[in-house]
Amino acid sequence: MQGVVVNDLGEKTVVVKVERRFTDPVMKKTVRRMTTYRAHDAANAARIGQTVRIEKTTSDSRTWELVDDGDEAVPGVRI
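Along each chain, the written sequence defines residue order, and numbers are assigned to residues from 1. Local features in a predicted model are, by the rule used here, given only for residues with pLDDT of at least 70; side-chain atom pairs are given and counted only at 80 or more, and totals for whole chains, interfaces and linings are based on all residues. The side-chain values count all of the structure's non-hydrogen atoms but skip hydrogen atoms and water molecules.

1. Things to note about the pairing of strand β1 (residues 2-7)
Then, number 1: Bridging between β1 and strand β4 (residues 51-56) involves three bridges; their strand directions are antiparallel. Of the residues in β4, the one forming a bridge with valine 4 is threonine 51.
Then, number 2: Here, strands pair whenever DSSP counts at least two bridges between them. Every helix listed is a DSSP run of H or I at least four residues long, and every strand listed is a run of E at least two residues long, numbered separately from the N terminus. Bridge count between β1 and strand β2 (residues 13-23): three bridges; the pairing is antiparallel. Bridging across to β2, valine 4 finds its partner in lysine 17.
Then, number 3: Linking β1 back to β2 in an antiparallel pair, the connection comprises five residues, with lysine 12 at a positive phi of about 65°.

The following block contains the structure:
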């Protein structure tokens, strides 16, 4: 999953907001839903505003891990 880092204050932990879009089956309008996930960042490299990719650590786990952090932070991103 891909999302934007919204909080990096935890030690080796980041909070990532993932947005998904879908069409409402009745109203036929595009709907946006956002979910936040806590992900383990071993290098402590992700910063607020960066676009990152996260994955589950194991198949049955509810734990997420930061896989790929973006190259640059985007200053002024409104979240």
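2. Comments concerning the side chain of glutamine 50
Then, number 1: Within the secondary structure, glutamine 50 is located in the loop between β3 (30-40) and β4.
Then, number 2: Nitrogen and oxygen atoms within 3.5 Å of one another constitute a polar contact, given that in protein one can donate a hydrogen and the other can accept it, and given that sequence-neighbouring residues count only through two side-chain atoms. Within the local environment of glutamine 50, its side chain forms a polar contact with the backbone nitrogen of arginine 47, the two atoms lying 2.7 Å apart.

3. Describing the side chain of aspartate 41
Then, number 1: In this structure, aspartate 41 sits in the loop between β3 and β4.
Then, number 2: Note on exposure labels: buried denotes an accessible area under 20% of the residue type's maximum, exposed denotes more than 50%, and partly exposed covers the range between, all computed with a 1.4 Å probe on protein chains only. Charged-residue counts in this description rest on Lys and Arg as positive and Asp and Glu as negative, His and the chain ends being excluded. Salt bridge, as applied in this entry: a Lys or Arg side-chain nitrogen positioned within 4 Å of an Asp or Glu carboxyl oxygen. This buried residue, aspartate 41, is left without a salt bridge; arginine 47 holds the nearest opposite charge, at 6.2 Å.
Then, number 3: The contact criterion used throughout is that any non-hydrogen atoms of two residues lie within 4.5 Å. Ignoring anything within four residues of it in the chain, the contact list for aspartate 41 reads Lys12, Thr13, Val14, Ala46 and Leu66.

4. Details of the confidence of the model for the protein
Then, number 1: On a range of 0 to 100, pLDDT expresses the predictor's confidence in each residue. This prediction gives the protein a mean pLDDT of 85; 86% of its residues lie at or above 70.
Then, number 2: Here residues 73-79 scores under 50 on pLDDT; set against residues more than four positions off or in separate chains, the count is eight contacts.

5. Here's the deal with the pairing of β3
Then, number 1: With eleven bridges joining them, β2 and β3 adopt antiparallel strand pairing. Paired with phenylalanine 22 across the two strands is valine 31, which belongs to β3.
Then, number 2: Counting the residues that bridge the hairpin from β2 to β3 gives six residues, and of these lysine 28 lies at a positive phi of roughly 60°.

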